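# Descriptive structure summary
Below are the chains, spelled out letter by letter.
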Amino acid sequence: MPEDEEMTTNTKQNGLDLIDFRQRLEGQEGERFWKSLDEIAEEDGFGQLLDREFPNYGAEWASRTDRRSFLKLMGASLALGGLTACDRPPPEKIIPYVSAPEEIIYGRPLFYATTMSLGRDSVGLLVETHEGRPTKVEGNPDHPSSLGAADAIYQASILGLYDPDRSQTLRRLGRISTWSDFVSTLGQAMEARAANQGAGVRILTETVMSPTVGAQLEEILQTYPAAKWVQYDPAVPDRPATMRNQVPRYHFDQADVILVLDSDVMGSEAGHHHYARAIADRRRVRTESPRMSRLYVAESMPSPTGAIADHRFPVRTSDMEAVADMLANAMGVGGGYSDAPRGSETEWVAAVARDLRGARGRAVVVGGDHLSPRTHELIRSMNQAIGAVGTTIEYIAPPEIRVQNQTRALAELVDEMRAGAVEVLLILGGNPVYTAPGDLRFAEAMDRVGGLRAHLSSHYDETSRHCHWHINAAHYLESWGDAVSFDGTPSIIQPMIEPLYGGKTVIDVLNILTGRISSTTYETVREHWMGRATGGGDFERWWQTMLHAGVIPKGQFAERRFVFPPEPFAPRPVDDVEVSGGIEVNFRPDPAIWDGQFANNGWLMEMPRPLTKVTWDNAAYMSHGTAQRLGLRSEQVIEIVHQGRMVKAPVWIAIGHAPDSITLHTGFGRTHAGSVGSGRGFDAYVIRTAGNPWFVSAQIRATDEKIEIACTQKHFSMYGRNLIRAASLGSFVHDPSMKGDPMEDDESRITPGHEEEIAGVPHEAEPGAHAADPDIYEDWNYPGYAWGMSIDTSVCTGCDGCIIACVAENNIPVVGKREVLREREMHWLRIDRYYKGSSVDRPQTFHQPIPCQQCEKAPCEPVCPVGATTHSHEGLNDMTYNRCVGTRYCSNNCPYKVRRFNFFEYADYETESLKLGRNPDVTVRTRGVMEKCTYCVQRINEGRIAAEREGRRVRDGEIRTACQQSCPTNAIVFGDINDPTSQVTKLKAQAHNYRLLEELNTQPRTTYLGTVRNLNPEIPA
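The text that follows walks through the structure, step by step, so that each part is easy to find. A quick note: this is a predicted structure, and the numbers were derived from the prediction, not measured. (Residues numbered from 1 in each chain as written. Predicted model: local features only at pLDDT ≥ 70, side-chain atom pairs only at ≥ 80, totals over all residues. Heavy atoms only, no water.)

### So, the environment of I638
What counts is decided by this rule: Helix numbering and strand numbering both begin at the N terminus, where a helix is a DSSP run of H or I of at least 4 residues and a strand a DSSP run of E of at least 2. The rule is simple: take the accessible area with a 1.4 Å probe, protein chains only, and divide by the maximum for that residue type; under 20% is buried, over 50% is exposed, in between is partly exposed. What makes two residues a contact is simply this: any of their non-hydrogen atoms within 4.5 Å.
Here I638 shows up in strand β24 (residues 636–642). By relative accessible area, I638 is classed as buried at 0%. Distance from I638 to D704, taken between C-alpha atoms, is 8.5 Å for residues 66 residues apart in sequence. Apart from the residues within four sequence positions on either side, I638 is in contact with A620, M622, L632, V647, K648, A649, V651, I662, I700, R701, A702 and T703.

### Examining the sheet that holds strand β39 (residues 1006–1009)
Selection rule: If DSSP finds at least two bridges between two strands, the strands pair.
Across the sheet, 4 strands lie side by side as β37-β30-β39-β38; this open sheet has mixed pairing. The open sheet is flanked by β37 (972–976) and β38 (993–994), the only strands paired with a single partner. Inspection of the sheet shows strand β30 (residues 787–792) paired to β37 by 5 bridges, in the antiparallel sense. Residue pairing in the sheet places I791 in a bridge with I972 of β37.

### A closer look at helix α23 (residues 801–809)
Here α23 lies mainly inside the structure; 9 of its 9 residues are buried. All of the buried residues in α23 are G801, C802, I803, I804, A805, C806, V807, A808 and E809. At the exit of α23 stands N811, carrying a positive phi of roughly 55°.

### Structural notes on the sheet that holds strand β10 (residues 257–261)
Two modes of strand pairing occur in sheets, parallel and antiparallel, and in both the strands are linked by backbone hydrogen bonds. Note the cut-off: To get an axis, fit a line to the C-alpha atoms, keeping to the stretch in contact for a helix; angles then go from 0 to 180 degrees between the N-to-C directions.
Overall, parallel pairing links the 4 strands, which are arranged β12-β11-β10-β13 in an open sheet. Among the strands making up the open sheet, the edge pair consists of β12 (311–314) and β13 (363–367). The mean inter-strand angle of the sheet, taken between neighbouring strand axes irrespective of direction, is 10°. In terms of strand pairing, β10 meets β13 through 5 bridges, oriented parallel. Looking at the pairing, L259 lines up with V365 of β13. The strands that helix α13 (residues 373–385) touches are β10 and β13; relative to β13, the one it contacts most, it runs at about 170°.

### What about the side chain of K613?
By secondary structure assignment, the location of K613 is in the loop between α20 (602–605) and β22 (614–615). Those residues in contact with K613 that sit more than four places away from it in its chain are P608, A710, C711, T712, Q713, D800, I831 and R833.

### Concerning the pairing of β10
Of all 5 residues in β10, 5 are buried, a share of seventy percent or more. Burial along β10 is two-sided: V257, L259 and L261 and I258 and V260, pointing in opposite directions, are all buried. Note that β10 and strand β11 (residues 294–299) share 5 bridges and pair parallel. Residue pairing for β11: L261 is matched across the bridge by A298.

### Focus: the environment of P234
If you trace the backbone, P234 turns up in the loop between β8 (228–231) and β9 (247–250). Counting along the chain gives 203 residues from P234 to P437, while the straight-line C-alpha distance between them is 8.5 Å.

### Some details on the state of the cysteines
So the rule is basically this: Note on terminology: pairs of cysteine sulfur atoms within 2.5 Å are recorded as disulfides.
In this structure the tally under the stated criterion is 0 disulfides. The thiol sulfur of C799 is not disulfide-bonded, and the nearest other cysteine sulfur, from C802, lies at 6.2 Å.

### Re unusual backbone geometry
Phi angles above zero are rare outside glycine, and Y935 is one such case at about 55°. For Y935, a relative accessible area of 1% gives the class buried. Phi at C936 is positive, roughly 50°, even though this residue is not glycine. Tracing the backbone through its elements, the reader meets C936 in the loop between β36 (930–931) and α27 (937–949). Of the residues examined, C936 reaches a relative accessible area of 8% and is grouped as buried.

### Description of the pattern of salt bridges
Operational definition: Any Lys or Arg side-chain nitrogen found within 4 Å of a carboxyl oxygen on Asp or Glu counts as a salt bridge.
Tallying each qualifying case throughout the model produces 48 salt bridges. The partner of R120 in a salt bridge is D369, with the nearest N and O atoms 3.2 Å apart. Pair noted here: R120 is in the loop between β2 (110–118) and β3 (121–130) and D369 is in the loop between β13 and α13, with a separation of 249 residues, a long-range link. Neither residue differs from the other here; R120 and D369 are each classed as buried. The salt bridge involving D617 is made with K817; its shortest N-O contact spans 2.5 Å. You can see D617 sitting in the loop between β22 and β23 (620–622) and its partner K817 sitting in helix α24 (residues 817–821), a full 200 residues away along the chain. You can call D617 buried: its relative accessible area is 8%. Connected via shared salt-bridge partners are R120, R239, D369 and E400.

Written out as structure tokens, the structure reads:
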């Protein structure tokens, strides 16, 4: 039965069906942007939710109440209100800083460079410290992997350092032991196996990006030739055999046309900070220079990369090889693959192929590492055919120290353990009992290793409980080490603080096996680099320079080399896992907690996931059409069965998901993650297989169960307002203000690389320039600084890095799933996601970050009875927290819904370790206080004071807000709008600059640049 007919039969039982949905969208007059299916459906529940300006604030008392009960409740609330308004934080003892280090000036932060490794990438960071306490992580602008940005995971790593559930002791059989006992035990075990060259010894690590660790392991394998080193990282796909010696590095800054096949190059792939900046720089549109690249994305699950694409095509992962073959055939380099993809892929393949050929030498094709070997062969051939090699792409040596087929190596290790061939097993990082594919039954096999099982990890987790020894691991901010980035650039990892719990590193454990037990980690790292990168020069000077810079120039490190691709593709049969007889199930790392190692991080758990906006849980994501065909609704629990193993998962409809496909995020379902992460969601690894760990065919069975999902998408909705401005590039040329018909292209379109000057374009006036009618608001004059912000929605990917940066900078508390369900999340910054178009499967996606708008005529200010919210002499809407009594009048009066109220004492005043990570420049708020963004006023004050000390004005770019600092695409720009040369002033002068809800005349200081898309007119909308 055709899919549309099946949907029609399910209309009654599933509410709004897909056909009716399309008819409503096609029937609306004018353009309309929508945030969710409920909004288009206009169901009663959605209308009632919007009728309440701030829903669920009184959820506990939502039932009908008679007059007597009402008076009782009001009397009690008044009494309690008087008490809570005077609430104070618990008293805290202080200790004087008697003997401060010479380089420390009390109250002023210091910044140190370091590096954090994750998967196949290592990102250079700058860490802010206060009196020896790391409090904030930011990107190192000199490091190629970060370029000054740091996404949510790196920002939240600071909370992992102070996690109170971290393992604090070394354990033997669950009981506290000592490091010396472990050294003695491991030394004896290795001595007993020295005669047979280490037979039966296995070392299991995550992907090793450290040159020092790699050198240690190679030395150990030379000493014990019969031993084996196995790597396994559940979030790192195994590259095809043809790519194990040569991997692509992309130069998107040189590309006019980009095609991405199932790869989130701007959101999660190795080097995504670097690539996001390069792509965004080619997609910024200015009225004086209207040019931009064109981005095509074909993917199964909506991603940040697909969200900003000019054309996005939902395609099943199992169909991606056929799509690549069709594209290659259209370019004359295909292998004659006969199978055609499902759906309407043929509508766009020919047009995309022509566009790629037309941009020869300025185009590139990108494929996800998890795609089949043949798909990568086809991609390589296409890149050679369009002249990409040497211009937009080059091939380099893999950044990891040793390349393995990790899943196959892990399966072989399991077979050896099950056969009794393993006597000593050292697991250095990772959590394979939890993350190994379910069909391997890793825990069962590991329990057969009777000699010595030891696990180095940050928590006493699932794997540690199956080992004889658990070694508590040091955090990367407590450790010395080194790492290599995605492009082969090495850097030094230096600690910011002494290990809080005496944790050990991988280097410490391997020093036992190399016979250097007396060497510290610091000495081991220095010894590795001594003479290696300086050519016999002054090593101490070189060492201090590298520590300060946080990056080692590749010219000083000869081990990484650039190479050219091999011979062109020749067709050959490849044994791939076919998806048939069921629905396709894809496995992807969670955008926040990754493979599960960050499951106990409350900041990441509560972060709304990009595009889906789901928090605290994972789900079975599927398209609206697939859900209707299967008779399913969001939050309904289904059973997913594969090879006799089953997981239960709630359904969640993801707009734009590929049809007949489900995506499961890994990292949830932990049993021993800690107090935050244990028991959250379901474990997707259970049905993962070693044969094909990235997608399988599974059977779906519906149940009558339901799991409530905490999703923030409809929270604080400004429903029915004109909030998004968007236009095609051709329309932008004729109407840069974007006030016409925005997304309809015309014959005057601008193709990639073509530039046309626009003169005399009127632009929107700045705050203070309005001829407003007399009102109750004061007209402000700013003789000094006037701070403002501009946000470019064309390059915002919705990655949520800015949200976590704001949380870390401003001591924003975690509220938990129950409070998120009540719409009480405390994030000062949110990213609203909108869709446009009549297609549920292929709508255009738009992101709009919403911090406090810093209004010139702020409705929140005159209604505060105690003057807690005031207007500063530099144009900020300031909050005096210790003056606020919690009336919430300001929140009720804010049309942008950006204020957050502390309903309960969300901040943790009891846990000692958490106190160390708080920013001392920002107040920790107590119960009953209204909170909001103030453009990081603490950073403004610090920058202003520093400038005044030197007798000058603040330079443009000298002060950067936390959200601006973290953004990988530079979508957020902050500065002084009184400075005519500042970047923010120039952006606000653009014709497509606009304010939200301008008709209200609040005159916000935060403005937006409308979204411009470079549409291909040959592809139907």
